Structures are given as structure tokens and as C-alpha cells.
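Architecture at a glance
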Amino acid sequence: MPSSVPPTHTAPSLADPAAPASHATPRLEVDGLTVTFGGLTALADVGFHVDPGETVALIGPNGAGKTTVFNAVCGLVRPTAGSVRIDGRPAPASPTGLLGRGVARTLQGLGLVDGMTPLEHLLVPLGPPSAANVALALAELDAHGLRERASTPVGALPYPDRKRVALARALVSRPSLLLLDEPAGGLGAEDIDRLAATVREVAGSGASVLLVEHHVDFVMGLADRVVVLDFGRVIATGTPAVVQADPRVEEAYLGVKAAS
């Protein structure tokens, strides 16, 4: 890669080693997803898919329903109608079943405990702190440049390092589907480049990535496809170039006029 930023993830393949090389079934399939809260419709007939090895970005203005989609995928919100399927099977009804299905998620608010160390955070998804699990966790931290801070409480780390801890915690379980919620938020240019390199490596391993992000340049330079939500509905889906040229997207989200 012609970049001054070194690759950030050199651990073994993130894809399920038991999975076949050819995978015709979408890793994630959202079909007719509708979510209502009382009289408010948060999502209306939302549909899209994420294929193995594909990076799909979910974008839209504040309140468009992006987080509700994530929560429905993760079992935190029960759909009023429609379905969510992971590798052709219904998604778990609660977040406790995600890890067993090869799904990992980062949170916009990081979800870290200040008094816990990076090593302790990574051991949570791995299980008991055996020698093998500790070695896996340390290798993952090393891949993110955090090995020397493995025993430092995360509350004492700078924000970019805490973001890396949250990402490393998601990746250490070798997910086949990675959900990233605002991964570039609060990061500088160099850290965003590191993040992009990591996401490309994850997808290159055969895992799938679905990300919610407001950083438009980051999204357009990284995603294979983009799904645009506005008022809980999908208004456009396509490659970054196609989506950027769509007048509906420009009006709802990008705030620029289409080129003539």
C-alpha cells in the first residue's frame, strides 16, 4: 500500500477457517425491516445486504435510523416487521448470541471500563484468562500498537488509544461480521489512515464489515457499497460514486448540488 502509515493488523485471518471459500449467501441480509416506537416509525421497509469480504457503509443525517438498524441487527431492538439474517439464519434475538454467530460490534461510546486494562478488555470475549487466551489478546494488542500499554488502565489512555482498544476487543474474537459504529469519530488523519488499513485487511481476510460513519471522505474511500437512510427509509444504494451523484443523497445528506 503506498502509504506512510504501516498496516495495523497482522494477526491470522479473521474469517471463519471452517467457512467455504465461495459463499453465495450474504453474510448479513436485512429485508423489509420496520421498527416503530409507539406512534413513531424509526425504520420503514429497510433492506440491504452485506456479502462476505464486503465493506458496506450506512450513512444518513442525524435521526435517519442508522443506530436503530445496528440495534435491530444486534437484538437490542425487536423489529415490528421484516427480518435480519446472518449467514442465511435468523439473527439472535439478544446480544448474548452474537459472539457465537461470529458477530462483533464496536460502540460509538466505546463501552470501555476506565479501571480495566486493555488486556482485561480483550479477555472478556475470549473467555477464561488461560495462557492461550492471554497470548491471543497480547498478539491483537500488538497488532494495534498497544502491547506496551496492555496493563495500563484504559482511563489513563489518550482517546485514539481507547478507540484502538475498542476495535481490538471486537477483532480478537475473529468475527466474520464486524459492525463499526462511528469508528473514525474523534480521530486525526493519521489514526483514520490506520483505521482504514485495518478495515481493508479485515475485509481482505473474507470477513464482512458494516459501518455507520459521519466522516464522508472516510466512507467514500473505503466502502464497496453505501446505503443511505433518510427519515428511516433507504433513499439510495450503490457504489460511493453512484451514491455521491444521486440528487436525493446530495439534498438529504451531502448538502451539495449534483454536477451538471
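Reading the values: the criteria
- Residues numbered from 1 in each chain as written.
- Predicted model: local features only at pLDDT ≥ 70, side-chain atom pairs only at ≥ 80, totals over all residues.
- Heavy atoms only, no water.
- Helix = DSSP H or I, 4+ residues; strand = E, 2+ residues; numbered from the N terminus.
- Buried < 20%, exposed > 50% of the residue type's maximum accessible area, 1.4 Å probe, protein only.
- Contact = heavy atoms within 4.5 Å.
- Areas by Shrake-Rupley, 256 points an atom, 1.4 Å probe, with all protein chains shown as cover.
- Pairing = 2+ DSSP bridges.

Per an unreviewed UniProt entry, the chain goes by ABC transporter ATP-binding protein and derives from Agromyces sp. G08B096.

**Details of the overall build of the chain**
Along the backbone of the chain there are eight helices and ten strands. Counting across all 260 residues of the chain, residues that qualify as buried make up 50%. A separation threshold of at least 6 residues defines the contact pool for the chain, and within that pool the share at least 24 residues apart is 66%. Accessible surface, the chain as shown: approximately 11800 Å² in total, 55% of it carbon and sulfur.

**Describing the sheet that holds strand 4 (residues 81–86)**
Sheet architecture is open: four strands sit in the order 2-1-4-5, paired in antiparallel fashion. The two strands at the open ends of the sheet, each matched to only one other strand, are strand 2 (40–50) and strand 5 (89–90). Relative to strand 2, strand 1 (residues 28–37) runs antiparallel, the two sharing seven bridges. Following the sheet pairing, Val35 is matched in strand 2 by Leu43.

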